[in-house]
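Spelled out, the chains give:
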Amino acid sequence: MKKELVVNLKFPHTIKITRSGESSTDPFDSTTGVTETVLYEGQGRRFLTSSDDSVVSSRKASIPLKYDELAESFLKGDKIIATFGNIVEEGLVVDAEPSNGNTTIYWNFVRN
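These numbers come from a predicted model, not from an experiment.

Visitor: Just to check I follow, could you spell out the pairing of strand β5 (residues 87-98) for this structure?
Guide: Each regular strand carries side chains that alternate between the two faces of the sheet. Looking at chain direction, strand β4 (residues 79-84) and β5 are connected through 6 bridges and run antiparallel. For I80, the partnering residue across the bridge sits in β5 and is G91. Summarising the sheet, β5 and strand β6 (residues 103-110) pair through 7 bridges and their orientation is antiparallel. When the bridges of β6 are listed, V93 appears paired with W107. From the end of β5 to the start of β6, which pair antiparallel, there are 4 residues, and G101 there has a positive phi angle of about 80°.

Have a look at this one:
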C-alpha cells in the first residue's frame, strides 16, 4: 500500500476582521466618510458551531494570536471574512475570548 503524506494545517483558512467607522466628525471636513480599519488579516481556522435555522448559522474562528497581544479587542458588529479555497463567508462578530494560546471569535454567518 502506497503511503501518502497528508498535510493538515492547524490554521488552513484566511481570516480578515475589519471595523467600520467615521473618518472625521467635523461637518466642514471634506474627508468625512466611512473608513474601514483592518484589525486582523492572516491565518485562522473557521468552523461551524450550530445552525438555528436555514438563514443564520453560528460560527467560530480561531486565530493564532493571544488575546492580550491584540492591538484592539474585537467588538460586536465587527465584520469578519473567512476564506478557504474558493469559498468566502462574511458575517458579523458576536464575541471574542482568549483560549489556549489563541483567540476565539464567535460570529454569525447569514446566507443570502
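Visitor: How do you make sense of the confidence of the model for the protein when you look at a structure like this?
Guide: One rule of thumb: low pLDDT means the predicted coordinates there are not for detailed reading. Here the protein shows a mean pLDDT of 83. Residues at 70 or above account for 79%. Mean pLDDT values over the elements of the protein span from 84, in strand β2 (residues 34-51), up to 93, in β4.

Visitor: Which parts of the structure should I look at to understand the pattern of salt bridges?
Guide: Oppositely charged side chains are able to pair whenever their charged atoms sit close together. Applying the stated criterion across every chain, the model contains 5 salt bridges. The closest approach of N and O atoms between R19 and E72, which form a salt bridge, is 2.7 Å. Here the residue R19 occupies a position in strand β1 (residues 13-22), and E72 occupies one in the loop between β3 (56-63) and β4, the gap between them amounting to 53 residues. What makes R19 buried here is its relative accessible area of 16%. Ionic contacts of the salt-bridge type, sharing partners, join the residues R19, E72 and D78 into one network.

What counts as what
- Residues numbered from 1 in each chain as written.
- Predicted model: local features only at pLDDT ≥ 70, side-chain atom pairs only at ≥ 80, totals over all residues.
- Heavy atoms only, no water.
- Pairing = 2+ DSSP bridges.
- Helix = DSSP H or I, 4+ residues; strand = E, 2+ residues; numbered from the N terminus.
- pLDDT = per-residue confidence, 0-100.
- Salt bridge = Lys/Arg side-chain N within 4 Å of Asp/Glu carboxyl O.
- Buried < 20%, exposed > 50% of the residue type's maximum accessible area, 1.4 Å probe, protein only.

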